[in-house]
Amino acid sequence: MITRNDLHSETIDFLNVCIKKGDFFTFALRMLNNDFDSSELVNFLKKEFKVSKEFSQKWVNEALTCID
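Residues numbered from 1 in each chain as written. Predicted model: local features only at pLDDT ≥ 70, side-chain atom pairs only at ≥ 80, totals over all residues. Heavy atoms only, no water.

1. Let's talk about the environment of serine 39
Alright, step 1. Counting through the fold element by element, serine 39 comes out in helix H3 (residues 38-49).
Alright, step 2. Take serine 39: its relative accessible area is 44%, and that puts it in the partly exposed class.
Alright, step 3. Taking the C-alpha atoms as reference, serine 39 lies 8.6 Å from valine 60; in sequence the two are 21 residues apart. (Helix = DSSP H or I, 4+ residues; strand = E, 2+ residues; numbered from the N terminus. Buried < 20%, exposed > 50% of the residue type's maximum accessible area, 1.4 Å probe, protein only.)

Here it is, written out as structure tokens:
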């Protein structure tokens with residue numbers, strides 16, 4: 001499972017900016033473009049941000065539509 005410790009400092013900085021804006025979509029898009037597994041990303045968002053699996057899945061699914 002992905003944790004914050006697995007992320008590079010540049011990615012953590014980007015994540016913090018996204019959190020402040022509530023922009024989980026942009027973060028999910030960047031992570032998926034960096035070859036992160038979508039199911040791991042859903043679990044990461046769920047765990048790190050204490051949001052529902054459905055909420056996490058929504059952002060990951062929207063990001064996936066931009067990649068495909």
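2. Some words on the nonpolar core
Alright, step 1. Ranked by internal contacts, the top residues of the largest apolar core, which has 17 residues, are Leu7, Phe27, Leu41, Phe44, Leu45 and Val60.
Alright, step 2. The residues touching leucine 7, leaving out its near neighbours within four places in the chain, are Ile2, Ile12, Leu15, Phe27, Met31, Phe36 and Phe44. (Core = buried A, V, L, I, M, F, W, Y, C linked by side-chain atoms within 4.5 Å. Contact = heavy atoms within 4.5 Å.)

3. Topic: the packing of H3 against helix H4 (residues 53-67)
Alright, step 1. One can describe the packing of H3 onto H4 by two numbers: an axis separation of 8 Å at closest approach and a directional angle of 135 degrees. Taken together, the axes of H3 and H4 lie oblique to each other. As for the relative orientation of H3 and H4, their crossing is right-handed in sense. Of H4, the residues touching H3 (which contributes Ser38, Leu41, Val42, Leu45 and Lys46) are Lys53, Ser56, Gln57, Val60 and Leu64.
Alright, step 2. Residues that form the contact of H3 with H4 fall into these classes: five nonpolar, three polar and two charged. (Axes fitted to C-alpha atoms, helices over the stretch in contact; angles between N-to-C directions. Parallel < 35°, antiparallel > 145°, perpendicular 65-115°, else oblique. Left-handed = near helix turned anticlockwise from the far one by under 90°. Nonpolar A, V, L, I, M, F, W, Y, C, P; charged D, E, K, R; others polar.)

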